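Descriptive structure summary
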Amino acid sequence: MALASAFGAMLRTADGVRIDAAHTPNGSLDLGIVVAHGFTGTWRGPDTRRIVHVLSKFGGVVSFDFRGHGRSGGQSTVGDLEVLDVDAAVKHARAIGYRRIATVGFSMGAAVVVRHAALHRGVDGVVSVSGPARWYYRGTKPMRQVHWAIERWHGRLAARLAKRTRIAGAGWNPIPLPPYKAAALVAPTPLLIVHGDSDPFFPTEHAYQLYECAAEPKELWIESGYGHAEAAATPDLVRKIGHWVSRTKTP
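First, a word on scope: everything that follows refers to the structure included in this document. (Residues numbered from 1 in each chain as written. Predicted model: local features only at pLDDT ≥ 70, side-chain atom pairs only at ≥ 80, totals over all residues. Heavy atoms only, no water.)

Along the backbone of the chain there are nine helices and eight strands. Against the compact-globule benchmark of 18 Å for 251 residues, the chain has a radius of gyration of 16 Å, which places it among compact chains. Summarising its shape, the C-alpha atoms of the chain cover approximately 45 × 35 × 35 Å along the three principal directions. For the chain, with 251 residues in total, the buried portion stands at 57%. For the chain, the distance from the average position of its 30 positive side-chain charges to the average position of its 20 negative side-chain charges is 5 Å. (Helix = DSSP H or I, 4+ residues; strand = E, 2+ residues; numbered from the N terminus. Rg over C-alpha atoms; globule rule 2.2 N^0.38 Å. Buried < 20%, exposed > 50% of the residue type's maximum accessible area, 1.4 Å probe, protein only. Lys, Arg positive; Asp, Glu negative; His and termini not counted. Charge placed at Lys NZ, Arg CZ, Asp CG, Glu CD.)

Following this line, the structure appears as structure tokens:
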């Protein structure tokens, strides 16, 4: 299956970080979809490119590398200042001319798009896929490994060498607004929460907490057999998400 052509762009965030991005048009300016990858991901990776290809059937897509990832500058703050990266991508989609903008985030990117909608607003729909509801969760082995990579100098070195992910070592000060509290502030923008019942990182309690804290309009999909984030997202699931964002709009 050939992937849709993407046009590269270099964005700049409000705090001056260069963000490597791409625009995949679909011939219409009605809907722009901003795709936010997970921790250690990149828009150039095959899983993200596959998702972009499917979503481009529903709208033009802006994908990008978070700070500290891939070819973007800066260091990863693992969900805090990344809201500025999403905001730069949303503004880029607006500058292209898209009339409606939806954000679709995976894992860390899911937490960021929810926080962005709460803090910056300006979008017409938000999709959180495989996202955490709260910070510092260590209840699964994969998440304990993630915390090792973030909190220990040798973990940060391993992430840099293996994944080209540069992680800030100073930690959070202050602690950013957690996703479940941000979810309460997203309305009236429609919010879709998608989570797998086989997610090895975050159990479904995270999805239920996000949903219960959010106000209408909101939807919750618990997908049978679905694992975690981009790597496990089937074309059918991505198409379902595409149909949802194609018909959503902030009142």
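Our focus in this paragraph is the packing of helix α1 (residues 46–55) against helix α9 (residues 235–247). Relative to each other, α1 and α9 sit at 45°, their axes nearing to 9 Å. Here α9 runs oblique to α1, going by the angle between their axes. In the packing of α1 onto α9, the handedness of the crossing is right-handed. Contacts from Ile 51, Val 54 and Leu 55 of α1 reach α9 at Pro 235, Val 238, Arg 239 and Gly 242. Each residue belonging to the contact of α1 with α9 can be placed in one class, and the counts come to five nonpolar, one polar and one charged. (Axes fitted to C-alpha atoms, helices over the stretch in contact; angles between N-to-C directions. Parallel < 35°, antiparallel > 145°, perpendicular 65-115°, else oblique. Left-handed = near helix turned anticlockwise from the far one by under 90°. Contact = heavy atoms within 4.5 Å. Nonpolar A, V, L, I, M, F, W, Y, C, P; charged D, E, K, R; others polar.)

A few words on the packing of aromatic side chains. One pass over the full model with this rule turns up four aromatic pairs. With a centroid separation of 5.0 Å and 80° between ring planes, the pair formed by Phe 64 and Phe 66 is classed as edge-to-face. What makes Phe 66 buried here is its relative accessible area of 0%. Consider the rings of Tyr 137 and Phe 202, whose centres lie 6.1 Å apart with planes at 45°: the pair is tilted. On the criterion of sequence distance, the pair formed by Tyr 137 in the loop between β6 (125–129) and α4 (141–151) and Phe 202 in the loop between β7 (191–196) and α7 (205–213) is long-range, its members being 65 residues apart. The exposure class of Phe 202 is buried, given its relative accessible area of 5%. The rings of Trp 135, Tyr 136 and Trp 172 are connected pair by pair, giving a single aromatic cluster. Note that Lys 240 overlies the ring of Trp 221, its terminal NZ or CZ placed 4.7 Å from the centroid. (Phe/Tyr/Trp six-rings, centres within 6.5 Å; stacked < 30°, edge-to-face > 60°. Lys NZ or Arg CZ within 6 Å of the ring centre and 35° of its normal.)

Turning our attention to the side chain of Thr 140. Within the fold, Thr 140 resides in the loop between β6 and α4. Residues in contact with Thr 140, not counting those within four places in the same chain, are Pro 200, Phe 201 and Pro 203.

Attention now goes to a nonpolar patch on the surface. On the surface, Trp 153, Leu 157 and Leu 161 cluster together into a nonpolar patch covering about 390 Å² of accessible area. On the secondary structure map, Leu 161 appears in helix α5 (residues 153–163). (Patch = residues over 30% accessible without salt bridge, like charges linked within 9 Å, V, L, I, M, F, W, Y side chains within 5 Å. Areas by Shrake-Rupley, 256 points an atom, 1.4 Å probe, with all protein chains shown as cover. Salt bridge = Lys/Arg side-chain N within 4 Å of Asp/Glu carboxyl O.)

Our focus in this paragraph is unusual backbone geometry. Look at the link from Ala 187 to Pro 188: it is a cis peptide, with omega at 15°. Note on placement: Pro 188 falls in the loop between α6 (179–183) and β7. The residue after Glu 216, namely Pro 217, is reached through a cis peptide bond having omega 0°. Tracing the sequence through the fold places Pro 217 in the loop between α7 and β8 (218–223). With a phi close to 55°, Ser 107 is a non-glycine residue in the positive phi region. Within the element layout of this structure, Ser 107 appears in the loop between β5 (100–106) and α3 (108–119). Of note in this structure, Arg 121 is not a glycine but carries a positive phi near 55°. Positionally, Arg 121 belongs in the loop between α3 and β6. Exposure remark for Arg 121: the relative accessible area of 30% places this residue in the partly exposed category.

A separate point is α9. Helix length check: α9 (13 residues) gives 19 Å between terminal C-alpha atoms against 18 Å at 1.5 Å per residue, within 8%. Where α9 is buried, its residues meet β3 (31–36), α1, β5, β6, β7 and β8. (Expected span 1.5 Å × (residues − 1).)

Further remarks concern the sheet that holds strand β4 (residues 60–64). Across a sheet, strands are paired by hydrogen bonds formed along the backbone, either parallel or antiparallel in direction. Spatially, β1-β2-β4-β3-β5-β6-β7-β8 is the arrangement adopted by the eight strands of the open sheet, whose pairing is mixed. Across the chains shown, the open sheet's two edge strands, defined by having one partner strand only, are β1 (7–12) and β8. Within the sheet, the average angular offset between the axes of one strand and its neighbour, ignoring direction, is 20°. Sheet analysis places strand β2 (residues 18–24) next to β4, joined by four bridges and oriented antiparallel. Bridging from a neighbouring strand, Ala 22 pairs with Ser 63 of β4. Set on the sheet, α7 makes contact with β6, β7 and β8; between it and β8 the angle comes to about 170°. (Pairing = 2+ DSSP bridges.)

Any link to function would need more than the numbers given here.
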